[in-house]
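# Remarks on the overall topology
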Amino acid sequence: MKKIDITEQTIKILLVSFASCWHEDVWNVLSIESLYSDLKNHFIGKVDLETVRLRDKESENELCDKISCGHYDIVGFSLDIGSQNAFFTILHELRGNWKGKTQFVCGGTLATYSYEYLMENDDFMYYHPLIIIGEGELALRELVYCCLNNKPAINIPNTIHYDDKLCNYIKNKAEQVDLDKLIYPPAHITYFNTKHRVHILQTSRNCIFSCTYCTQGPYKKWRSFGMERIRSNMENLIKNGIYEFEFVDDEFFGGTTAYHIGRAWTIASVIHELSYMYQVEIKYRIFTNPYIICSQT
């Protein structure tokens, strides 16, 4: 049983990701949407959450001002390929006003697969950020527990932390995240431009294939979210006027067994049911592999 602080303390958290002017999501797959919703629902009343999606130099300057004046306990950066230059610029600009009380956290593709590259940057090393390897929800939960109980974040699975005594980074044990523990669908948060009327969502994570060129890396295990979360996610989007979905699963089906094909039919039935319930036409796209398609013909 976790020990939770019984005071009125609230942990103030800022979640940051990167985007561009021409595409809302830039394959930053629901990073801060998923983290925001998980923390908000898991720590009801205990976390004060904000999100920022950076698009240009002006928004980078605004973020530096926000962090310098915001008194945040945790600032988390979701780093995908192409975000490193903006990220390093922000870290460099912050050094002049840094008070050292905020825990920086880095996750996403770069933090998972290129953390050694990040460590080569002097501005990155200055802050001794916590690095999250792989999926971030459970690691961030553990970090919030540490903040609530005023304990150092040193033994959180799937992270790399800086050891002040050894003056070096220590890699903690890796654990496979149980998606049954991630029951909250991603949140519909304010930066999303509903004029596009399309939104991304996930029904699973990882892939059954082991392609060496894939940023997910080889030997990952495909896992599905629970059907209740999948349904809630789609229904929340429909309620917000989103009728076109892009499923950004690494591979939608997860295999060719009766279970995997049956699961896909169940999702199709949910789409049909919600379409009838709300009297709207639902369009969607999925990503799969020729092997999956060929084996079914």
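You'll find the structure just up there.
The present account deals with the structure reproduced in this document. Model, not experiment: these values are computed from the prediction.

### Digging into the overall build of the chain
Regarding its fold elements, the chain presents ten helices and twelve strands. Going through the 297 residues of the chain one by one, you find that 51% of them count as buried. Taking the contacts inside the chain whose residues are at least 6 apart along the sequence as the reference set, 75% of them involve residues at least 24 apart.

### Details of the sheet that holds strand β5 (residues 130–132)
Here seven strands make up an open sheet; going across it, the order is β2-β1-β3-β4-β5-β6-β7 and the pairing mixed. In the strand order of this sheet, the two ends are held by β2 (47–54) and β7 (168–171), each with one partner. When the angles between neighbouring strand axes are averaged without regard to direction, this sheet yields 20°. Running over the sheet, helix α2 (residues 57–70) touches β1 (11–18), β2, β3 (74–78) and β4 (103–107) and is turned about 160° from β2.

### Observations regarding the side chain of Ser-83
Tracing the backbone through its elements, the reader meets Ser-83 in the loop between β3 and α3 (84–94). Assessed through its relative accessible area of 4%, Ser-83 is described here as buried. Residues within four places of Ser-83 in sequence aside, it is in contact with Phe-18 and Leu-110.

### With respect to the sheet that holds strand β8 (residues 199–201)
Taken in spatial order, the three strands make up an open sheet running β8-β11-β12, and their pairing is parallel. Only two strands of the sheet have a single partner each, and these edge strands are β8 and β12 (283–285). Neighbour to neighbour, the strand axes of the sheet diverge by 30° on average, direction disregarded. Where β8 lies against strand β11 (residues 244–247), three bridges are found, and the strand directions are parallel. Across the sheet, the residue bridging to Leu-201 is Phe-247, located in β11.

The rules behind these values
- Here, residues in each chain are numbered from 1, in the same order as that chain's written sequence.
- Since the coordinates come from a predicted model, pLDDT governs what is reported: local features require at least 70, and pairs of side-chain atoms require 80 or more to be given and counted, while whole-chain, interface and lining totals use all residues.
- Side-chain metrics rest on all non-hydrogen atoms present in the structure, leaving aside hydrogens and water.
- Only DSSP runs of H or I covering at least 4 residues are called helices, and only runs of E covering at least 2 are called strands; the numbering of each starts at the N terminus.
- Each residue gets one of three labels from its accessible area relative to the maximum for its type: buried under 20%, exposed over 50%, partly exposed in between, using a 1.4 Å probe on protein chains only.
- Contact definition: two residues touch when any of their heavy atoms are within 4.5 Å.
- Pairing between two strands requires that DSSP report at least two bridges joining them.
- Note on geometry: axes are C-alpha line fits, over the in-contact stretch for helices, and angles between N-to-C directions span 0 to 180 degrees.

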